[in-house]
Amino acid sequence: VKRALKVVKMLVSTTGNTGKALRQGVAENVFTVSNLRDLLRYGQQHRELQKLATDVLTGLAMDDSGKEAIVATGGVVKLLLSIFFNSQETELGCEAGEALAMLALESEAGCAAILKRADVMDHLVSALEDGDARRLNAARVLRNLCAYSGQQQRERLRVVTRALPAVLKATMVDRDKILEVSVGLTTVICKFIDGEQFAAELRGAGVADERAYVERLASILRQYRYPEIKVPRMRRFVVQQVIWLVTNSGGRGGYVELLREVGMQRLLESIADTTSELECYHVFSGSVGISKHRESFSDIVDSALELIAGRRQR
């Protein structure tokens, strides 16, 4: 069984267009996901098999056909959630979190399947206070749920605002993947609040003032002067947050001046000259992008520049 799972993992992990065809073929086999479900359900004494099964599910979830097969097979999402929240083994829990994040990515059906569990949002928000690997995947799942769930789930998702203090703290001190997902999660949490609430949350998170936060965003863009494969959405998320600050500052009105003072306009002009196809995708299979962003990064940068320059109405 272990050898067979390793072969299937190799197939679904194959990069490029060949990998896409192989994942589709594996997903179309009517026994694949149900057999993986049995390993998750009954494999407590065989953790290595459970980990391999979870890896295969993550690979399958990279494509729409795999997402559909997983959602259509009863109990799989429930088992992944249980492993993620309850597993004492960090590595296995991590793999389950990655599978859930991939399942929710650009999939309303995947999000709905995860949200069937009544306490899922509470558990995910609580997980943001745990170790790096766990909070990284919890933040990824939360961001995807907020970004891609149907409108009917909006009230359920509002609980995510409780996560903002932890996410803002992470933005101020963390690096690389946790920093990227923290800024990305902030952009979707801000859909549920206004500028006044955001200012209060900054104070609650121990951020000195709005200027300190704006300076942090500018420092991130200075650090990532060019796109990086490890964090391909870093600059996109920061620019999206800049746009939100300008358009939702309400009566405070100081963000435009603050952004100008920290040199954001020059930074955005530099980014406009270095945007890459790398920043157009959520996920990569080797050098082939999977799940393209709905809005081009260059358009987002142009919008931010126009807002800061005052050439566009808020």
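Residues numbered from 1 in each chain as written. Predicted model: local features only at pLDDT ≥ 70, side-chain atom pairs only at ≥ 80, totals over all residues. Heavy atoms only, no water.

Q: Talk me through the overall build of the protein; I want residue IDs and the actual numbers.
A: For the protein, the count of helices and strands is 19 helices and two strands. For 314 residues, the compact-globule estimate of 2.2 N^0.38 gives 20 Å, and the protein sits close to it at 20 Å. Across its three principal directions, the C-alpha atoms of the protein cover 60 × 40 × 35 Å. Here the protein holds 314 residues, and 54% of them are scored as buried. Counting contacts in the protein only where the partners sit at least 6 residues apart, residues at least 24 apart contribute 73% of the total. For the protein, the computed accessible surface area is about 14,300 Å², with 47% contributed by carbon and sulfur atoms. (Helix = DSSP H or I, 4+ residues; strand = E, 2+ residues; numbered from the N terminus. Rg over C-alpha atoms; globule rule 2.2 N^0.38 Å. Buried < 20%, exposed > 50% of the residue type's maximum accessible area, 1.4 Å probe, protein only. Contact = heavy atoms within 4.5 Å. Areas by Shrake-Rupley, 256 points an atom, 1.4 Å probe, with all protein chains shown as cover.)

Q: How would you explain the side chain of R37 if you had to name every residue and give the values?
A: Looking at where R37 falls in the secondary structure, it is placed in helix α3 (residues 32–42). Buried charge R37 goes without a salt bridge, the closest partner of opposite sign being D38 at 4.1 Å. Among the polar contacts made by the side chain of R37, one reaches the main-chain carbonyl oxygen of G74 at a distance of 2.8 Å. If sequence neighbours within four positions are ignored, R37 has contacts with T73, G74, V76 and L79. (Lys, Arg positive; Asp, Glu negative; His and termini not counted. Salt bridge = Lys/Arg side-chain N within 4 Å of Asp/Glu carboxyl O. Polar contact = N/O pair within 3.5 Å; in protein donor to acceptor, adjacent residues only side chain to side chain.)

Q: Give a detailed account of the pattern of salt bridges, specifying residues and quantitative values.
A: Evaluated as defined, the whole model comprises 18 salt bridges. The shortest N-O distance in the salt bridge between K51 and D55 comes to 3.2 Å. Remark: D55 and K51 occur in helix α4 (residues 47–60); sequence separation between them is four residues, near one turn of the helix. Both residues of the pair, K51 and D55, count as buried. Residue R162 is joined to D122 by a salt bridge in which the shortest nitrogen-to-oxygen separation is 3.2 Å. Taken as a pair, R162 in the loop between α11 (154–157) and α12 (164–173) and D122 in helix α9 (residues 120–127) lie far apart in primary sequence, 40 residues in all. Overlapping salt bridges bring together K9, K51, D55, E91 and E95 as one network.

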